[in-house]
Amino acid sequence: MLTFYNELHSQHRGRFEMFRGTMVPCFETPERADMVVAELGRRNLGRIVTPHGVPLTSLERIHTPRYLHFLRHAWHDWLALDPDNANKDALPSVWPVRTLRSDIEPDDFTAKLGLYSMDNGTPLTAGTWTAAKTGADCAVNAAHALRLGERATFALTRPPGHHAGSDFFGGYCFLNNAALAAQHLLDDGARKVAILDIDYHHGNGTQSIFYARNDVLFASVHADPRSEYPFYLGHADETGSGAGLGYNVNLPLPAGSATANWFAALETACLRINMYAPDALVVSLGVDTFVGDPLSHFALQSGDYLRVGERLAHLNLPTAFILEGGYAVKELGINVVNVLEGFETAD
């Protein structure tokens, strides 16, 4: 397993987020990636390298230039409002919903912040762009390494990415690493790519990016959005549109579902991937399905993640794993590396 590690991830360090009406310390912390890289080193599961930087044009294959310009300059614009903002994270407070217009970018920074966001639980910090961009570098490098002959790669980075759309951030995500990896595989010669999202929360950003396309199959096993974030996407009747009809597979499960039901849904997703016959697989690897996760309500145990990796290995596809969620920090490294080890050691 070749791991691309974002050594700059800790530059994104949010202070507080809005959670169920209360400002609380951020759940998405630098310690998450630290635990994973430490566990990788402990088990000696392959090489850990730093990524080569990729040009902005690579990001523009997924994200709009207007949105990328905003992210690159957001902290400077935040400080221009008030130098004291250096001691505060930027959180949005207004959004252009329903009949409000989003085609015109406001001059006011607060309004811009709302234009490009989906929630007020995703703080934008001084190092957000650096961390997110280097994470995107990891994802693209992980995809490229597959085309160079690696069987499996891992983009070890944070902040995560699967909630980020083409022109908005949210759910702790700013750049959609899984989507960038899949697009690079296509640009690098693959005919078809599958993305399997096994995070507790639906990857709404990834779905929306590929919803009308048939060169990417998006399959997701997640908690029912009627009760769990992101709430407004991830239902089973969302199957794609236009050329993409039939290439979006959502397998929502009620909060509190038994582990056996989760694995049954994973099997359904794997069978759909087999039928699609892609050239490569991108896995949005969230382990907030763990029984001890503070934001989630599934019941997987640490040992179950070995089984997950084994099942994905049997798809027999070049596979890029992209780290997403998982907030039981103490167990995070064990759970993530169990998936990778299960994949590597599968019979």
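Under an unreviewed UniProt entry, the name given to the protein chain is Acetylpolyamine amidohydrolase, and the source organism is Janthinobacterium svalbardensis. Listed under Sequence similarities (unreviewed entry) in UniProt, the entry text for the protein chain is "Belongs to the histone deacetylase family."

Scanning the protein chain for helices and strands turns up 10 helices and 10 strands. Over its C-alpha trace the protein chain gives a radius of gyration of 19 Å, about what one expects of a compact globule, namely 20 Å for 347 residues. Summarising its shape, the C-alpha atoms of the protein chain cover approximately 60 × 45 × 40 Å along the three principal directions. Counting over 347 residues, the protein chain shows a buried share of 57%. For the protein chain, restricting intrachain contacts to residue pairs at least 6 apart in sequence, the fraction spanning at least 24 positions comes to 77%. Summed over all atoms, the accessible surface of the protein chain reaches about 13700 Å², with 53% contributed by carbon and sulfur.

Once that is clear, we can look at the environment of asparagine 214. Here asparagine 214 lies in the loop between helix H7 (204-210) and strand E7 (216-223). The partly exposed category is assigned to asparagine 214, whose relative accessible area is 38%. The spatial distance from the C-alpha of asparagine 214 to the C-alpha of serine 227 is 29 Å, given a sequence separation of 13 residues. When neighbours within four sequence positions are excluded, asparagine 214 is seen to be in contact with Ala243, Gly244, Tyr247 and Tyr276.

Let's shift gears to the packing of aromatic side chains. Summed over the entire model, instances satisfying the criterion amount to 13 aromatic pairs. An angle of 70 degrees between the planes, with centres 5.6 Å apart, marks the rings of tyrosine 172 and tyrosine 327 as edge-to-face. Of this pair, tyrosine 172 sits in the loop between strand E5 (152-156) and helix H6 (177-187) while tyrosine 327 sits in the loop between strand E10 (319-323) and helix H10 (329-345); the two residues are 155 residues apart in sequence, bridging distant segments of the chain. Like tyrosine 327, tyrosine 172 is buried. On the numbers, 6.3 Å between centres and 65 degrees between planes, the contact of phenylalanine 231 with tyrosine 232 is edge-to-face. According to the relative accessible area criterion, tyrosine 232 is exposed, its value standing at 73%. The structure contains a cluster of three or more aromatic residues connected by ring pairs, namely Tyr67, Phe70, Trp78, Phe109 and Tyr116. A cation sits over an aromatic face here: lysine 192 above tyrosine 276, 4.6 Å from the ring centre.

Attention now goes to the pattern of salt bridges. Tallying each qualifying case throughout the model produces 16 salt bridges. Put simply, glutamate 28 and arginine 158 hold a salt bridge, and the shortest N to O gap is 2.7 Å. Of this pair, glutamate 28 sits in the loop between strand E3 (22-25) and helix H1 (30-43) while arginine 158 sits in the loop between E5 and H6; the two residues are 130 residues apart in sequence, bridging distant segments of the chain. For the pair glutamate 28 and arginine 158, a shared accessibility class is recorded, and that class is buried. For arginine 307, the salt bridge goes to aspartate 304, with nearest N and O atoms at 3.8 Å. Here the residue arginine 307 and the residue aspartate 304 both occupy positions in helix H9 (residues 304-313), the gap between them amounting to three residues, near one helical turn. Connected through salt bridges with shared partners, the residues Glu39, Arg42, Arg43 and Glu341 form a single ionic network.

The amide bond that connects arginine 158 to the next residue, proline 159, takes the cis arrangement and shows omega of 0 degrees. Its location among the elements puts proline 159 in the loop between E5 and H6. Proline 230 follows tyrosine 229 through a cis peptide bond whose omega is 10 degrees. With respect to the helices and strands, the residue proline 230 is situated in the loop between E7 and strand E8 (248-253). In this structure, phenylalanine 231 is a non-glycine residue whose phi angle is positive, near 70 degrees. Along the polypeptide, phenylalanine 231 turns up in the loop between E7 and E8. The class of phenylalanine 231 is partly exposed, set by a relative accessible area of 38%. One non-glycine residue, asparagine 316, lies in the positive phi region at around 55 degrees. Looking at the element boundaries, asparagine 316 is found in the loop between H9 and E10.

Further remarks concern the packing of H9 against H10. Running from amino to carboxyl end, H9 crosses H10 at an angle of 35 degrees, the nearest separation of the two axes being 6 Å. Relative to H10, the crossing made by H9 is right-handed. Here Tyr305, Leu306, Val308, Gly309, Glu310, Leu312 and Ala313 of H9 lie close against H10, whose contacting residues are Asn335, Asn338, Val339, Glu341, Gly342 and Phe343. Across the contact of H9 with H10, the residue classes tally to seven nonpolar, four polar and two charged.

The rules behind each value
- Along each chain, numbering runs from 1 in the same order as the chain's sequence is written.
- The predicted nature of this model means local features are confined to residues of pLDDT at least 70 and side-chain atom pairs, given and counted, to a pLDDT of 80 or more, with totals for whole chains, interfaces and linings taken over all residues.
- Each side-chain value is derived from all of the structure's non-hydrogen atoms; neither hydrogens nor water enter the calculation.
- UniProt positions are given in the numbering used here, feature names are shortened, and annotations may be inferred rather than shown by experiment.
- By definition, any uninterrupted DSSP run of H or I lasting at least four residues is a helix, any uninterrupted run of E lasting at least two residues is a strand, and each is numbered from the N terminus.
- Values of the radius of gyration come from C-alpha atoms, whereas the globule rule sets the reference at 2.2 Å times the count of residues to the power 0.38.
- Working definition: with a 1.4 Å probe on protein chains only, accessible area under 20% of the residue-type maximum means buried, over 50% means exposed, and in between means partly exposed.
- Only heavy atoms matter for contacts: two residues are in contact if any of them lie within 4.5 Å across the pair.
- Each accessible area is a Shrake-Rupley result for a 1.4 Å probe, and residues are judged covered by the shown protein chains and nothing else.
- Two rings belonging to Phe, Tyr or Trp (six-membered ring only in the last case) form a pair when the distance between their centres is within 6.5 Å. Interplanar angles under 30 degrees mark stacking, angles over 60 mark edge-to-face geometry, and anything in between is tilted.
- Geometrically, a charge over a ring is one whose NZ (Lys) or CZ (Arg) sits within 6 Å of the ring centre while staying within 35 degrees of the ring normal.
- For this analysis, a salt bridge means a side-chain nitrogen from Lys or Arg found within 4 Å of a carboxyl oxygen belonging to Asp or Glu.
- Axis lines are fitted through C-alpha atoms, for helices just across the contact stretch, and the angle between N-to-C directions can take any value from 0 to 180 degrees.
- Handedness of each helix crossing follows the sense of rotation of the near helix against the far helix: counterclockwise by less than a right angle gives left-handed, clockwise gives right-handed.
- Amino acid classes used here: Ala, Val, Leu, Ile, Met, Phe, Trp, Tyr, Cys and Pro are nonpolar; Asp, Glu, Lys and Arg are charged; the rest, including Gly, are polar.

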